[in-house]
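The primary structure of each chain is shown beneath.
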Amino acid sequence: DSGVTQTPKHLITATGQRVTLRCSPRSGDLSVYWYQQSLDQGLQFLIQYYNGEERAKGNILERFSAQQFPDLHSELNLSSLELGDSALYFCASSVAYTGDNEQFFGPGTRLTVL
Amino acid sequence: GENVEQHPSTLSVQEGDSAVIKCTYSDSASNYFPWYKQELGKRPQLIIDIRSNVGEKKDQRIAVTLNKTAKHFSLHITETQPEDSAVYFCAASPRPITGTASKLTFGTGTRLQVTL
């Protein structure tokens, strides 16, 4: 158990809908990263927050947004969902905002768009 | 930005043999190179990492080597066991500049199958 929690574990929804994925980092970690992993694909970095502020952006679509709250939990919002958005979404946390620290991954949320 | 290439995409070895996975990176400013293991249906977990001031690092049956001049690094697993079967991801991150964030760029993964 990494100490990072993600809810829900599974999410099934229809095209055009909007969903929210939630992540709670390890105690003491200020940085949260979001990744997308499609079937048999690598880990695509989406976005990073550190202590409530956006710090780095990757290949995140305009339909996707995220935020980190004062209690440091983070939410990833996916809207106008398309079939291609079906994937495993991981969040990870680390103590600092630089990439040269171990990232601890949560169990992931599997999103299925029908 | 950083680009990390990883080879091979799949690797099958017999139990007891060694496995080697190679990665190359493009950004000469990268100085942190972790390896993550992802078992089927599970989350990625860090198994070993190396920083650019070190050429090699070992942890029991796992070792990582780094060649900064050639911009490549490799994961070596000796005496492979069935529980080593998983997808392995390499990654690279540039040296942080004070006040700015830096991110990990992952390779595309290697599916290692250890057969009996």
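This text goes with the structure placed above it.
Residues numbered from 1 in each chain as written. Chains lettered and ligands numbered in written order. Predicted model: local features only at pLDDT ≥ 70, side-chain atom pairs only at ≥ 80, totals over all residues. Heavy atoms only, no water.

## Digging into the overall build of chain A
The line we're drawing: Only DSSP runs of H or I covering at least 4 residues are called helices, and only runs of E covering at least 2 are called strands; the numbering of each starts at the N terminus. For the radius of gyration, the atom set is restricted to C-alpha positions; the globular benchmark scales as 2.2 Å times the number of residues to the power 0.38. The buried label applies to any residue whose accessible area, calculated with a 1.4 Å probe on protein chains only, is under 20% of its type's maximum; exposed applies above 50%, and partly exposed to all values in between.
What chain A contains, in helices and strands, is zero helices and eleven strands. Listing every helix and strand of chain A by position from the N terminus yields β-β-β-β-β-β-β-β-β-β-β. Here the C-alpha atoms of chain A give a radius of gyration of 13 Å, agreeing with the 13 Å that 2.2 N^0.38 yields for 114 residues. The C-alpha extent of chain A, read off along each of the three principal axes, is 35 × 25 × 25 Å. Within chain A, the fraction of its 114 residues that count as buried is 54%.

## Digging into the sheet that holds strand E7 (residues 62–67) of chain B
Residues and elements named next belong to chain B. The test is simple: Any two strands are treated as partners once DSSP identifies two or more bridges connecting them. Each axis is a line fitted through C-alpha atoms, taken for helices only over the stretch in contact, and angles between the N-to-C directions span 0 to 180 degrees.
The strand order E1-E3-E8-E7-E6 describes an open sheet built from five strands, whose pairing is antiparallel. On the outer flanks of this sheet lie strand E1 (4–7) and strand E6 (56–59), each paired with one strand and no other. Going from strand to strand, the sheet's axes swing by 15 degrees on average, the running direction of each strand aside. Pairing between E1 and strand E3 (residues 19–25): four bridges, direction antiparallel. Looking across to E3, one finds that Gln 6 is bridged to Cys 23.

## Overview of the interface of chain A and chain B
Accessible area lost during the coming together of the parts is what is often quoted as the interface size. Stated precisely, the cut-off is as follows: Every residue pair with non-hydrogen atoms within 4.5 Å of one another is taken to be in contact. Once two parts are joined, some of their accessible surface, as seen by a 1.4 Å probe, is lost; buried area is that loss totalled over both. Salt bridge, as applied in this entry: a Lys or Arg side-chain nitrogen positioned within 4 Å of an Asp or Glu carboxyl oxygen. Here a polar contact means two N or O atoms within 3.5 Å. Within protein one must be a hydrogen donor candidate and the other an acceptor candidate, and residues neighboring in sequence count only if both atoms are side-chain atoms.
In this assembly, 23 residues from chain A lie in contact with 21 residues from chain B. For the pair chain A and chain B, the two sides together bury roughly 1,800 Å², of which 56% comes from carbon and sulfur. Ranking the residues of chain A by area buried against chain B places Leu 43, Asp 100 and Phe 105 of chain A at the top, with a combined share of 28%. Across the chain A-chain B interface, the total number found is zero salt bridges. The interface formed by chain A and chain B includes two residue pairs in polar contact (both at pLDDT 80 or more).

## Description of the state of the cysteines
Residue and element names in this part refer to chain A. The cut-off we apply is this: Any pair of cysteine sulfurs within 2.5 Å is marked as a disulfide.
Per the stated rule, a full pass over the model turns up two disulfides over all chains. Disulfide pairing places Cys 23 opposite Cys 91 at an S-S distance of 1.9 Å. Here the S-S torsion is close to 70 degrees, and the disulfide linking Cys 23 with Cys 91 is therefore right-handed. Here Cys 23 is found in strand E3 (residues 19–24), whereas its partner Cys 91 is found in strand E9 (residues 87–94), with 68 residues between them in sequence. Judged by its relative accessible area of 0%, Cys 23 falls in the buried class.

## Things to note about the nonpolar core
For clarity, the threshold we go by: Among buried residues, the Ala, Val, Leu, Ile, Met, Phe, Trp, Tyr and Cys ones that are joined through side-chain atoms within 4.5 Å form a nonpolar core.
Membership of the largest hydrophobic core comes to 23 residues, with the highest contact counts inside it found for Trp 35, Phe 73, Leu 75 and Leu 112 of chain B. Listed by contribution, the elements that provide at least two residues to this core are strand E2 (10–14), E3, strand E4 (30–38), strand E5 (45–51), E7, strand E8 (72–77), strand E9 (86–94) and strand E11 (110–115) of chain B. If we skip the residues at most four places from it in the chain, Phe 73 of chain B touches Ile 21, Lys 22, Cys 23, Tyr 25, Phe 33, Trp 35, Thr 65, Leu 66, Cys 90 and Ala 91 of chain B. Core analysis: the next-biggest nonpolar cluster, separate from the first, contains 22 residues, Cys 23, Ile 47, Ile 60 and Ala 66 of chain A among them.

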